[in-house]
Amino acid sequence: VMWVLEVRGGDRNRFARDLHEDFGKLITAVKIMLGQMNDTNEKNERSELALKSNEVLDTMHAQLREIAHNLMPEQLINEGLSTALKEYARRVSKNSDIEIEVNTFGIEKRLNQSIEVNIYRIIQEWINNVIKYSGAKKLTIQLTGYETEINILIEDNGIGFEKEKLTKSGGWGWKNIQSRLEAINGILEIDSRTGITGTSFIIDLPIA
């Protein structure tokens, strides 16, 4: 199976922002240290600057791997949607204050490439919103495969909101979700209310 790296508007913006902000600072730091190395003949000082430069380059390498993983996770390419989501949940749970659980039922076979990529990106985008705005401490993702459709249910215990605020926001995250839903003919329902704890994000997706 040939996998194609797909980068959409929201992903491009995030990728460009990470490169501009993080890498720009690190590249500047390396340039400064290399300049200092050229300006000194002191052996110990040159060695220390070389060591620090190498540490910065290691940091850049690690961040580049992280960006590449976010664009197209290795698990998604090699092992499929279920494994990729569980690994993503593990990483997010480890690095944030939210605990994420993933359960899949009836999805034994690999799905079409476009479906797997778009489902993964939609879920990733939604979880980013939950982490930023809801204050949730617990989130569950459930994928259930049926003969002619897949049902995706994401539930959290965060602060509820009025759906109109989301649909009228015009943000890149919401636009990204909408465009990916259209690409796979997904039907979305959001159950949330201001003043009520918890939000349900539900997608019904027809499959051949």
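That block above? That's the structure.
Residues numbered from 1 in each chain as written. Predicted model: local features only at pLDDT ≥ 70, side-chain atom pairs only at ≥ 80, totals over all residues. Heavy atoms only, no water.

> Describe the packing of helix α4 (residues 81-95) against helix α5 (residues 113-133), naming the residues involved and giving the relevant values.
Orientation of α4 relative to α5, taken along the N-to-C sense of each, is 20 degrees, at an axis distance of 10 Å. Our classification of the angle between α4 and α5 gives roughly parallel. Crossing geometry of α4 relative to α5 is assigned as right-handed. Within the contact between the two elements, α4 uses Leu81, Ala84, Leu85, Tyr88 and Val92 and α5 uses Glu116, Ile119, Tyr120, Ile123, Gln124, Ile127, Asn128 and Ile131. Considered class by class, the residues forming the contact of α4 with α5 number 10 nonpolar, 2 polar and 1 charged. (Axes fitted to C-alpha atoms, helices over the stretch in contact; angles between N-to-C directions. Helix = DSSP H or I, 4+ residues; strand = E, 2+ residues; numbered from the N terminus. Parallel < 35°, antiparallel > 145°, perpendicular 65-115°, else oblique. Left-handed = near helix turned anticlockwise from the far one by under 90°. Contact = heavy atoms within 4.5 Å. Nonpolar A, V, L, I, M, F, W, Y, C, P; charged D, E, K, R; others polar.)

> Which residues make up the pattern of salt bridges, and what are the values?
All chains considered together, the criterion is met by 6 salt bridges. Here Glu101 and Lys138 are joined by a salt bridge, their closest N and O atoms 3.3 Å apart. With Glu101 in strand β1 (residues 99-105) and Lys138 in strand β2 (residues 138-145), the pair connects residues that are 37 residues apart, well separated along the chain. Note that Asp191 is salt-bridged to Arg193, the shortest N-O span being 3.5 Å. We classify Arg193 as partly exposed; its relative accessible area is 42%. Among the charged side chains, a salt-bridge network with shared partners connects Glu99, Glu101 and Lys138. (Salt bridge = Lys/Arg side-chain N within 4 Å of Asp/Glu carboxyl O. Buried < 20%, exposed > 50% of the residue type's maximum accessible area, 1.4 Å probe, protein only.)

> Summarise the sheet that holds β1; cite the residues concerned and give the values.
Pairing is mixed across the open sheet formed by 5 strands, whose spatial order is β1-β2-β3-β5-β4. The open sheet has two free edges, formed respectively by β1 and β4 (187-191), since each of these has just one partner strand. Strand after strand, the sheet turns through a mean of 10 degrees between neighbouring axes, direction not considered. Where β4 lies against strand β5 (residues 197-206), 5 bridges are found, and the strand directions are antiparallel. When the bridges of β5 are listed, Leu188 appears paired with Ile203. Against the sheet, α4 touches β1 and β2, its axis set at about 170 degrees to β1. The strands touched by helix α7 (residues 172-183) are β4 and β5; relative to β4, the strand with the most contacts, the crossing angle is about 140 degrees. (Pairing = 2+ DSSP bridges.)

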